[in-house]
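So the chains spell out like this:
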Amino acid sequence: MPKNLFVRGIAEQVQKQDLQDEFCKSGALAGIDLKQGFAFVEFVNDEDAEHAINRLNGASFFDRALSVEWAKNKDGTGGPRTGYLG
C-alpha cells in the first residue's frame, strides 16, 4: 500500500520532475501531486517514505526549507500506516 507524504515550502519554479529527481533518492515513488507551494509525494513503502522524511525535512531545496511529514487523512489521522485520501 502506498505511503503519502505532505511537503510544504516548495518554491514557485519547482516542477514535478524536480521533486521526482530529489525524492526518488529515498526510494521507489508511486506518484507526485504538485500544487502551488506544496505537494503530496507517494512512496511504495513505509521505509522509503520514512527515509525521505528524515533526509528532506528541513532541507534546502531551490533555496527554500522543505517541511516533509506524513500526510493526514480527512479525519485528521495519519502516519506510516495510512495515506492521504483527499
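So, here is what we can say about the structure in this document.

Cut-offs used in this document
- Residues numbered from 1 in each chain as written.
- Predicted model: local features only at pLDDT ≥ 70, side-chain atom pairs only at ≥ 80, totals over all residues.
- Heavy atoms only, no water.
- Pairing = 2+ DSSP bridges.
- Helix = DSSP H or I, 4+ residues; strand = E, 2+ residues; numbered from the N terminus.
- Axes fitted to C-alpha atoms, helices over the stretch in contact; angles between N-to-C directions.
- Contact = heavy atoms within 4.5 Å.
- Salt bridge = Lys/Arg side-chain N within 4 Å of Asp/Glu carboxyl O.
- Buried < 20%, exposed > 50% of the residue type's maximum accessible area, 1.4 Å probe, protein only.

1. A word on the sheet that holds strand β6 (residues 67-70)
Step number 1: Spatial strand order, β2-β3-β1-β6: four strands in an open sheet with antiparallel pairing. Each edge of the sheet is formed by a strand with only one pairing partner; in this case those strands are β2 (29-34) and β6. Neighbour-to-neighbour, the strand axes of this sheet turn through a mean angle of 20 degrees, independent of strand direction.
Step number 2: Bridge analysis of β2 against strand β3 (residues 38-43) gives five bridges, and the strand direction is antiparallel. Looking at the pairing, Leu34 lines up with Ala39 of β3.
Step number 3: Packed onto the sheet, helix α1 (residues 16-23) meets β1 (3-8), β2, β3 and β6 and runs at close to 145 degrees relative to β2.
Step number 4: Helix-sheet contacts for helix α2 (residues 46-56) involve β1, β3 and β6, and the interaxial angle to β6 is about 150 degrees.

2. Points about the pattern of salt bridges
Step number 1: Taken as a whole and judged by the stated rule, the model has five salt bridges.
Step number 2: Two residues, Lys3 and Asp46, come together in a salt bridge whose shortest N-O distance is 3.9 Å. Taken as a pair, Lys3 in strand β1 and Asp46 in helix α2 lie far apart in primary sequence, 43 residues in all. For the pair Lys3 and Asp46, a shared accessibility class is recorded, and that class is buried.

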